[in-house]
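# Structural characterization, general
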Amino acid sequence: MTVDVNRRAVLGAAALASASLALPQIMVRAASAAVPIADAQNSGFNRFKFGEFQVTTILDGLRPGDGPHPIFGQNQSAEAVAELMEANLLPTNKFVNSFTPILVNTGSELILFDTGLGAGARENGMGQLASRMAASGYKPEDVTVVVISHMHGDHIGGLMENGAPAFANARYVMGQAEYDFWTAPERMSGPTVGGAKAVAANVKPLAEKTTFVGDGGEVVSGLGAMLAAGHTPGHLIFTVESGGKTLVLTADTANHYVASLQRPDWHVQFDADKDMAAATRRKVFDMIATDRLPFIGYHMPFPAVGYVEKLETGYRYVPETYQLDL
Ligand SMILES: [Zn+2]
């Protein structure tokens with residue numbers, strides 16, 4: 001009995017000793033768990049010098065959703081799209097779309113290409129163009145030219161803020177064919193009605209301050225427009241030329257860095273004319289691959305700057321790393 005008590009006391013003391021030995025570790029763990037989780041987000045802009053110009057890409061937001069099939073590979077089986085995603089280490093039933101407007105400072109003009117989703121998307125974390133532009137050192141009032149590649153909501157949504165132009169001092173450059181398509185009276189019914197209403201609200205009020213261009217048009221010296229139709233009837237892409245170098249702004253020519261580039265012929269739900277969009281993708285990315293040009297794609301993964309390597313089936317997206325900083 002006494003022995004038992006003693007043993008119990010000894011065991012108890014040992015347990016206490018081991019508990020107190022363990023205590024400092026427990027305290028260390030508790031202390032590290034008590035550090036509040038930081039909630040600051042990435043500042044959302046990326047910047048490089050291009051010849052005499054400065055280029056800033058700005059993340060308007062990210063939109064996770066189901067897919068990529070059938071949005072991408074609409075005319076393919078779900079299995080075929082899943083196989084391509086798996087081969088590229090991507091999930092097969094979810095994808096994240098990103099939206100990346102571009103600022104080009106030429107030294108005399110501050111030119112904004114596309115305006116993000118605007119105030120309507122802000123509660124879901126998008127529509128961040130203005131706040132992230134501020135983080136990059138520019139105010140909306142600093143923008144002298146706003147260029148619109150095409151008139152889908154994720155490109156024109158940020159043109160207006162509280163019913164007034166968001167870029168108060170800017171003039172505009174837009175595609176004539178695109179404007180004519182969306183403002184034709186027959187678009188106000190059927191599948192185009194949502195888009196036509198958005199154009200009526202956000203684009204039409206700016207028409208008097210707009211220069212309408214087509215293939216071969218010029219935004220300013222060194223900045224040219226090319227018609228790249230298919231995604232929409234008047235979809236424009238742009239070349240930025242400075243210091244003997246060329247950068248291509250491909251807008252929505254390819255909208256998923258794997259599905260659209262590795263399989264350019266796959267149909268995409270967002271493309272108005274699917275075959276024309278596929279032919280345009282091949283033409284534009286053949287040029288970019290052959291000439292080894294850097295490009296910025298509005299829906300490429302942020303910071304959305306890259307190159308393409310030609311593959312047998314299409315193109316491989318190669319993100320820009322330090323090439324443009326040297
Ligand atoms: Zn888009």
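Residues numbered from 1 in each chain as written. Predicted model: local features only at pLDDT ≥ 70, side-chain atom pairs only at ≥ 80, totals over all residues. Heavy atoms only, no water.

With an unreviewed UniProt entry as reference, the protein chain is termed MBL fold metallo-hydrolase, source organism Pseudaminobacter soli. Its UniProt record, at the heading Sequence similarities (unreviewed entry), says of the protein chain: "Belongs to the metallo-beta-lactamase superfamily." (UniProt positions renumbered as here; feature names shortened; annotations may be inferred.)

## Some remarks on the packing of aromatic side chains
Summed over all chains, the structure comprises nine aromatic pairs. Considering the side-chain rings of F285 and F295, the 5.2 Å spacing of their centres and the 80 degrees angle between planes classify their relative orientation as edge-to-face. Of this pair, F285 sits in helix α8 (residues 274–290) while F295 sits in strand β16 (residues 295–297); the two residues are 10 residues apart in sequence, bridging distant segments of the chain. Neither residue differs from the other here; F285 and F295 are each classed as buried. Each residue in the set Y257, F285, F295, Y315 and Y317 is aromatic and connected to the rest through ring pairs, giving one cluster. (Phe/Tyr/Trp six-rings, centres within 6.5 Å; stacked < 30°, edge-to-face > 60°. Helix = DSSP H or I, 4+ residues; strand = E, 2+ residues; numbered from the N terminus. Buried < 20%, exposed > 50% of the residue type's maximum accessible area, 1.4 Å probe, protein only.)

## Quick word on the sheet that holds strand β10 (residues 171–175)
For sheets, the rule is that strands pair by backbone hydrogen bonds, running either parallel or antiparallel. If you walk across this open sheet you meet the seven strands as β1-β2-β5-β6-β7-β10-β11, and the pairing is mixed. Two strands bound the open sheet, and with one partner strand each, they are β1 (45–50) and β11 (210–213). Taking each pair of neighbouring strands and ignoring which way they run, the sheet shows an average axis angle of 20 degrees. Two strands pair when backbone bridges link them, and β1 and strand β2 (residues 53–58) are joined in this way by six bridges, in the antiparallel orientation. The residue bridging K49 from the neighbouring strand is Q54, located in β2. (Pairing = 2+ DSSP bridges. Axes fitted to C-alpha atoms, helices over the stretch in contact; angles between N-to-C directions.)

## Points about the coordination of the zinc ion
At 2.1 to 2.2 Å from the zinc ion lie its protein donor atoms, namely D154 (OD), H155 (NE2), D252 (OD) and H299 (NE2). Angles of 88 to 170 degrees at the metal separate the four donor atoms of the zinc ion, which places the site in the irregular class. Each donor residue of the zinc ion lies on one chain, and together they are spaced D-H-x96-D-x46-H. Residue D154 is located in helix α4 (residues 153–156), and its partner H299 is located in the loop between β16 and β17 (305–310); the two are separated by 145 residues in the primary sequence. For the pair D154 and H299, a shared accessibility class is recorded, and that class is buried. (Donors = N, O, S within 2.8 Å, 3.2 Å for Na, K, Ca; no water. Tetrahedral: all angles 85-135°; square planar, octahedral: opposite > 155°, others 65-115°.)

## Quick look at the pairing of strand β18 (residues 315–319)
Both β17 and β18 contribute to a ladder of five bridges, which runs antiparallel. The partner of Y307 across the bridge, within β18, is V318. The antiparallel hairpin formed by β17 and β18 contains four residues in its connecting segment.

## Some words on the pattern of salt bridges
Throughout the structure, instances matching the rule amount to seven salt bridges. The residue K139 makes a salt bridge to D142 at a minimum N-O spacing of 4.0 Å. Between D265 and R282 there is a salt bridge, with its nearest N and O atoms 2.8 Å apart. In this pair, D265 sits in the loop between α7 (259–262) and α8 while R282 sits in helix α8, placing the two residues 17 residues apart along the sequence. (Salt bridge = Lys/Arg side-chain N within 4 Å of Asp/Glu carboxyl O.)

## Quick word on the sheet that holds strand β14 (residues 236–242)
Here seven strands make up an open sheet; going across it, the order is β12-β13-β14-β15-β16-β17-β18 and the pairing mixed. Either end of the sheet is taken by a strand with one partner, and the two such strands are β12 (218–220) and β18. Here the average twist between neighbouring strands, direction ignored, is 30 degrees. Bridge count between strand β15 (residues 245–251) and β16: three bridges; the pairing is parallel. Within β16, the residue paired with V248 across the bridge is F295.

## Observations regarding the nonpolar core
Residues F113, V219, L261, F285, F295 and I296 are the most contacted members of the largest nonpolar core, which totals 41 residues. Within the second largest apolar cluster, 24 residues are counted, among which are I58, L112, M151 and V203. (Core = buried A, V, L, I, M, F, W, Y, C linked by side-chain atoms within 4.5 Å.)

## Focus on the side chain of R132
Within the element layout of this structure, R132 appears in helix α3 (residues 129–135). The buried charged residue R132 lacks any salt bridge partner; its closest oppositely charged side chain belongs to D60, at an N-O distance of 7.3 Å. Polar contacts involving the side chain of R132 include one to the main-chain carbonyl oxygen of L59, which spans 2.8 Å. (Lys, Arg positive; Asp, Glu negative; His and termini not counted. Polar contact = N/O pair within 3.5 Å; in protein donor to acceptor, adjacent residues only side chain to side chain.)

## Focus on the confidence of the model for the protein chain
Note: predicted coordinates in regions of low pLDDT should not be interpreted at a detailed level. Residues at a pLDDT of 70 or more form 90% of the protein chain, whose mean pLDDT is 92. Put simply, helix α1 (residues 2–33) is where the protein chain has its lowest mean pLDDT, 49, and β16 is where it has its highest, 99. For residues 7–24, every residue scores under 50 in pLDDT, and the model assigns this stretch zero contacts once sequence neighbours within four places are set aside. (pLDDT = per-residue confidence, 0-100. Contact = heavy atoms within 4.5 Å.)

## A few points about the pairing of strand β5 (residues 102–105)
In β5, alternate side chains face the same way, and those of I102 and V104 on one face and L103 and N105 on the other are all buried. Here four bridges tie β2 to β5, and the two strands are oriented antiparallel to one another. The residue bridging T56 from the neighbouring strand is L103, located in β5. One ladder, built from four bridges, connects β5 with strand β6 (residues 110–113); its direction is antiparallel. Counterpart to I102 in the pairing with β6 is F113.

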